[in-house]
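Breakdown of the fold
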2 protein chains.
Amino acid sequence: MSALLVTGIGELVTCDPTLGDGSPLGVLTDATLVIENGRVSWVGPAGAAPAADVRVDLGGRAVVPGFVDSHAHLVFAGDRSREFEARAGGARYDGGGIAGTVAATRAATDEWLRARLRGFVAEMRAQGTTTVEVKSGYGLTVVDEARSLRIAREVTPETTFLGAHVVPQGTDRRGYVDLVTGPMLAACAPHARWVDVFCEPASPHAFDADESREVLLAGAAAGLGLRVHGNQLAEGPGVRLGVELGAASVDHCTHLSAADVEALAGGSTVATLLPGVEFSTRSPYPDGGALVAAGVTVALATDCNPGTSFTSSMPFVIALAVREMRLTPAQALWAATAGGAMALRRTDVGHLGVGARADLAVLDAPSYRHLAYRPGVPLARALDLPDPRV
Amino acid sequence: MSALLVTGIGELVTCDPTLGDGSPLGVLTDATLVIENGRVSWVGPAGAAPAADVRVDLGGRAVVPGFVDSHAHLVFAGDRSREFEARAGGARYDGGGIAGTVAATRAATDEWLRARLRGFVAEMRAQGTTTVEVKSGYGLTVVDEARSLRIAREVTPETTFLGAHVVPQGTDRRGYVDLVTGPMLAACAPHARWVDVFCEPASPHAFDADESREVLLAGAAAGLGLRVHGNQLAEGPGVRLGVELGAASVDHCTHLSAADVEALAGGSTVATLLPGVEFSTRSPYPDGGALVAAGVTVALATDCNPGTSFTSSMPFVIALAVREMRLTPAQALWAATAGGAMALRRTDVGHLGVGARADLAVLDAPSYRHLAYRPGVPLARALDLPDPRV
């Protein structure tokens, strides 16, 4: 197996605090990185690197770990730009618009859903994302949820069963929870790593604390890890339920009580913030800086979906988190890489220490700071390795 | 001369109200456009188009007029990402940081400034911008202002003399105004179409109403059109001075009094909003929707510069204007195209009616609405015509 030497890295963010400047970002300047067998095998100063068979010179560009987008809904059909336009004019989001996406998704062919999903994954990779989680949740029948996850599994191991996204229109709540925790879970678990639930008593379409607990415990019994959509529309039980059950992450966290923050700081559950949702739904932003200061582990993700956050751009999410959530540029980048990896309980991605997957995002910029300093500009791309066998 | 037929346009925004749906955006669905001699020669429904020598099929994508970015500072050296980082942590912007960029710009070679400028223009074009205004203002000596404009003129006819950007450090105010209105103007006017001034009594670095009037009148006497940076940091005289003197545009308009809005609505001066500045300086956003409702002509621009808005992305500016300035997606697109053209007093750009320059922005999306609906995603690019002679 050949070794690939990546040189000309003006600034290398490793997210390995044992490297470089010793900060959480582990920053080296004028660095070199060696890749063997798809993994980082050496990191250090330019000039001290071992010999290698192939060289890539990045001309002084910055390199950061490929973004880990730990929350995305990418298996769907339809378009909700008119709903977006109405919301821009003042309409509020309550979760009800999901029904339109569900109808379109059920009507679409596998081939169509697969092509669109692959289009989104390519779009994300072109913006520096190298790991993405993909949820079901627009099928809401046994057959449609299972096929969504089967298709998602073709592009990522991070697949999440979200049959409990909303109660489908015209469906009995109790019966639907029984379906989700019974036959639907049985059909979906083989294709999923995670189970998730939209725990939001404030929405008539979502699930309350007891229903959410049922869904999560059933998923856990089927061998799935736990995730929660919680505290998006109002304070509620989602965060504390997630922490109590040892969920990997509670996502949204838009409305948190002091008890929620305390629970997150004392547990192993990551708070995944989704600023694209607040942007697109005209909602208030949670104070991410205060969460970090309280000792909470924070991740950032896109929540890419057609209703409430149709962005696939992790750089945009980073810039928003700095502007609106009071994260520093360094905290935001960490949350979008190492934080996302923790939200997925992965140790092989989200950093570029020795042994990590060779998932590099290259920036057309001298420093990671430019991700927030140059908002909206497509600076990041995933590095395509010259030989997939190295 | 050959004709080029552009087909497969799923949605065509012409910004010509005599076309399509008759709205200000003049939208046609399933449209065709013919280009001859670099101009639009025919617009209409697919199937009815005349014969042509060359065809480009856009596969159902939306087409909008290339963005007109009427406010940018692209001739400079240096990096202010550390200042940005400090501001993200709570520091305020008062215009003082410009001094660092001035020192770096003076020290740079022509070749270096030219290469960087061309890099920005290419970056903008890759995001759908086809007309850009470029200001001087980081030289602040006769020689350095003139060379900035000479270099800028190589890439755009829309060059603006902004010797009155700030009073240089260690310089006598009165003497500097005399320099700007005398020898500096004489050296710069041959390379400039416009004169501009940072009229902001709230900043110790900028110019008051009397100084600003002097600068503008001297520029007008030298044959230049008028533009004003005004009302960025606080309410002040900038807007009313601009309207009184018939300036093409007053830019920023962050802090407006009722009298300012009334003056703008009653005059021929465009209000150019720069939401990237409010984003990057953590300032309040002006209410663009209220300006439109009051009858003011609104444009949107990036203000791309290393201190207060280092974005080159008109789609990002559109998304911000919808989220934060209460423009509708349609109003924001109009302001970024037709509005920008009015701010530059150009009738050949900013629309795609017959006779317009063939400046097309193609979207990887079915509708212009996606520019705001998919924030941060690089959907737009300027269409490179297959033969530059058509």
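The numbers attached to residues start from 1 for each chain and follow its sequence in the written order. Here the convention is simple: chains get letters from A, ligands get numbers from 1, in the order in which they are written. Only residues with pLDDT of at least 70 are given local features in this predicted model, and only at 80 or more are side-chain atom pairs given and counted; all residues enter the totals for whole chains, interfaces and linings. Side-chain measures were taken over the full set of non-hydrogen atoms in the model, leaving aside hydrogen atoms and water.

Whether two residues are in contact is decided by their heavy atoms: any pair within 4.5 Å suffices. Residue-level contacts link 41 residues of chain A with 41 residues of chain B. Across the chain A/chain B interface, buried area totals approximately 3700 Å², and carbon plus sulfur atoms make up 54% of it. Looking at the side of chain A facing chain B, the largest losses of area belong to Arg282(A), Arg323(A) and Tyr373(A), adding up to 22% of the total buried there. Salt bridges are defined as contacts in which a side-chain nitrogen from Lys or Arg sits within 4 Å of a carboxyl oxygen from Asp or Glu. Counting across the interface, chain A meets chain B through four salt bridges. Two parts placed together each lose some accessible area under a 1.4 Å probe, and adding up what both lose gives the buried area.

Disulfides are defined as pairs of cysteine sulfur atoms found within 2.5 Å of each other. Under the defined criterion, the tally for this structure stands at zero disulfides over all chains. Sulfur of Cys253(A): no disulfide; nearest cysteine sulfur belongs to Cys199(A) and is 11 Å away. For the unlinked cysteine Cys304(B), the closest cysteine sulfur is that of Cys253(B), found at 20 Å. Working definition: with a 1.4 Å probe on protein chains only, accessible area under 20% of the residue-type maximum means buried, over 50% means exposed, and in between means partly exposed. In this structure Cys304(B) comes out as buried when scored by relative accessible area, which is 0%.

Attention shifts here to the domain arrangement of chain A. Residue and element names in this part refer to chain A. Segmentation of the chain into domains, including their bounds, is taken from an automatic or database domain assignment. Domains assigned within chain A are domain 1 (4-65 + 350-382) and domain 2 (67-343). Placing a centre on the C-alpha atoms of domain 1 and another on those of domain 2 gives a separation of 30 Å. Contacts between the two partners involve 16 residues from domain 1, matched on the other side by 19 residues from domain 2. Summing both partners gives a buried area of about 1400 Å² for domain 1 against domain 2, and 74% of it is carried by carbon and sulfur. Three residues stand out in domain 1 for area buried against domain 2, namely Gly350, Leu371 and Ala382, and they jointly supply 31% of the buried area on that side. Seen at the junction of domain 1 and domain 2, the total is zero salt bridges. We call two N or O atoms a polar contact when they sit within 3.5 Å, provided that within protein one can donate a hydrogen and the other can accept it, with sequence-adjacent residues counted only if both atoms are side-chain atoms. At the boundary of domain 1 and domain 2, one finds three residue pairs in polar contact (both at pLDDT 80 or more).

Before going further, it helps to examine the packing of helix α11 (residues 314-324) of chain B against helix α12 (residues 329-343) of chain B. All names here are of chain B. It is at 9 Å that the axes of α11 and α12 come closest, and there the two elements cross at 140°. As judged from the angle between their axes, α11 and α12 are oblique. By crossing handedness, the relation of α11 to α12 is classed as right-handed. Taking contact as the criterion, the partners of Met314, Ile318, Ala321 and Val322 in α11 are, on α12, Pro329, Ala332, Leu333 and Ala336. Residues are sorted three ways: Asp, Glu, Lys and Arg are charged, Ala, Val, Leu, Ile, Met, Phe, Trp, Tyr, Cys and Pro are nonpolar, and all the rest, Gly among them, are polar. Classifying every residue of the contact of α11 with α12 by side-chain character gives eight nonpolar, no polar and no charged. Only the stretch in contact is used when fitting a helix axis, every axis being a line fitted to C-alpha atoms; angles between N-to-C directions are given from 0 to 180 degrees. Here a strand is any run of E in DSSP of at least two residues, a helix any run of H or I of at least four, and the numbering for each starts at the N terminus. Oblique is the label for any angle not covered by the other classes, which are roughly parallel (under 35 degrees), roughly antiparallel (over 145) and roughly perpendicular (65 to 115). When the near helix sits turned anticlockwise from the far one by under a right angle, the crossing is termed left-handed; a clockwise turn instead gives a right-handed crossing.

What follows deals with the confidence of the model for chain A. Residue and element names in this part refer to chain A. Each residue carries a pLDDT score, the predictor's confidence in it, ranging from 0 to 100. Averaged over every residue, the pLDDT of chain A is 95; the share at 70 or more is 98%. Ranking the elements of chain A by mean pLDDT puts helix α1 (residues 81-88) last with 87 and strand β13 (residues 298-300) first with 99. Interface confidence in the predicted complex, given as ipTM, is 0.96; pTM for the same model is 0.97.

What the rule picks out here adds up to 48 salt bridges over all chains. Linking Arg374(A) and Glu123(B) is a salt bridge whose minimum nitrogen-to-oxygen distance equals 2.7 Å. Taken together, the positions of Arg374(A) in the loop between α13 (370-373) and β15 (380-382) and Glu123(B) in helix α3 (residues 110-125) put the pair across two chains. The class of Arg374(A) is buried, set by a relative accessible area of 5%.

Another point: the nonpolar core. We call a set of buried Ala, Val, Leu, Ile, Met, Phe, Trp, Tyr and Cys residues a nonpolar core when their side-chain atoms join them within 4.5 Å. In terms of nonpolar packing, the biggest core is built from 194 residues, with Leu300(A) and Leu300(B) touching the most fellow members. Apart from residues lying up to four places away in sequence, Leu300(A) is in contact with Val68(A), Leu273(A), Pro275(A), Met314(A), Val317(A), Ile318(A), Ala321(A), Met325(A), Leu327(A), Ala332(A), Ala335(A) and Ala336(A).

On to the packing of helix α5 (residues 173-188) of chain A against helix α6 (residues 209-221) of chain A, then. Residue and element names in this part refer to chain A. In the contact formed by α5 and α6, the axes pass within 10 Å of each other and the chain directions differ by 10°. Taken together, α5 and α6 sit at an angle that is classed as roughly parallel. Residue-level contacts link Arg173, Arg174, Val177, Val180, Thr181 and Leu185 of α5 to Glu211, Glu214, Val215, Ala218 and Gly219 of α6. Here the residues of the contact of α5 with α6 are counted per class, giving five nonpolar, two polar and four charged.

The next point concerns the relation of the copies chain A and chain B. Copies are brought into register by a least-squares superposition over C-alpha atoms of residues with pLDDT of at least 70 in both. With an axial shift of 0.0 Å and an RMSD of 0.0 Å, the rotation relating chain A to chain B amounts to 180°. Classification of the inter-copy transformation places it as that of a two-fold axis. Ranked by how close their C-alpha atoms come to the rotation axis, the residues of chain A are headed by Gly376(A), at 2.5 Å. The fraction of interface residues of chain A whose copies in chain B are also interface residues reaches 100%, indicating that both copies meet through the same surface.

In this section: the sheet that holds strand β12 (residues 270-273) of chain A. Residue and element names in this part refer to chain A. One requirement defines pairing of two strands: DSSP has to find at least two bridges between them. Strand order in the open sheet formed by seven strands is β7-β8-β9-β10-β11-β12-β13, and the pairing between neighbours is parallel. With partners counted over all chains shown, the strands left at the sheet margins are β7 (134-135) and β13, one partner each. As defined by bridge partners, strand β11 (residues 249-252) adjoins β12 across three bridges and the pair is classed as parallel. By the bridge assignment for β12, Asp251 is matched with Thr272. Lying over the sheet, helix α4 (residues 142-153) contacts β7 and β8 (159-164), oriented at roughly 165° with respect to β8.

Another aspect to go through is the environment of Gly66(B). Residues and elements named next belong to chain B. Here Gly66 lies in the loop between β4 (54-65) and β5 (67-69). Taking the C-alpha atoms as reference points, Gly66 and Asp359, 293 residues apart in sequence, are found 5.1 Å from one another. Beyond its immediate stretch of four places on either side in the chain, Gly66 contacts Gly128, Thr130, Thr337, Asp359, Leu360 and Ala361.

Ring pairs shown here join Phe, Tyr and Trp side chains whose ring centres sit within 6.5 Å, with only the six-membered ring taken for Trp; geometry is labelled stacked below 30 degrees between planes, edge-to-face above 60, and tilted in between. One pass over the full model with this rule turns up 15 aromatic pairs over all chains. Centroid distance Tyr373(A) to Phe84(B): 5.6 Å. Interplanar angle 45°. Geometry classified as tilted. Linking Tyr373(A) in helix α13 with Phe84(B) in helix α1 (residues 81-88), this pair reaches from one chain into another. Given a relative accessible area of 7%, Phe84(B) falls into the buried group. For the ring pair Tyr373(A) and Phe310(B), a centre distance of 5.0 Å and an interplane angle of 75° mean the geometry is edge-to-face. Highlighted residues: Tyr373(A) in helix α13 and Phe310(B) in the loop between β13 (298-300) and α11, drawn from two different chains. The two residues Tyr373(A) and Phe310(B) agree in class, both being buried. Members of the aromatic cluster, connected to one another through ring pairs, are Phe76(A), Phe84(A), Phe120(A), Tyr138(A), Phe310(A) and Tyr373(B). Note on geometry: a ring has a charge over it if NZ (lysine) or CZ (arginine) is within 6 Å of the ring centre and within 35 degrees of the ring normal. The aromatic ring of Trp194(A) is capped on one face by Arg227(A), whose charged end is 4.5 Å from the ring centroid.

On a regular strand, each side chain points to the face opposite its neighbour's, so the side chains alternate between the two faces of the sheet. All names here are of chain B. The alternating pattern of strand β12 (residues 270-273) places Val270 and Thr272 and Ala271 and Leu273 on opposite faces, both of which are buried. Crossovers are marked right-handed if the path from the first strand over the helix to the second runs clockwise, as seen with the strands pointing away from the viewer. Chirality of the crossover, the property in question, places the unit of strand β11 (residues 249-252), helix α8 (residues 258-266) and β12 among those that are right-handed. Pairing of β12 with β13, which is carried by three bridges, proceeds in the parallel orientation. Bridging across to β13, Leu273 finds its partner in Leu300.

What follows concerns the side chain of Thr129(B). In this structure, Thr129(B) sits in strand β6 (residues 129-132). When neighbours within four sequence positions are excluded, Thr129(B) is seen to be in contact with Phe67(B), Asp69(B), Met124(B) and Met314(B).

Residue and element names in this part refer to chain B. Within the secondary structure, Cys199 sits in strand β9 (residues 194-199). Counting along the chain gives 128 residues from Cys199 to His71, while the straight-line C-alpha distance between them is 15 Å. Contacts of Cys199, omitting those with residues within four sequence positions, involve Phe207, Asp208, Ala209, Ser212, Val228, His229, Gly230, Asn231, Pro237 and Gly238.

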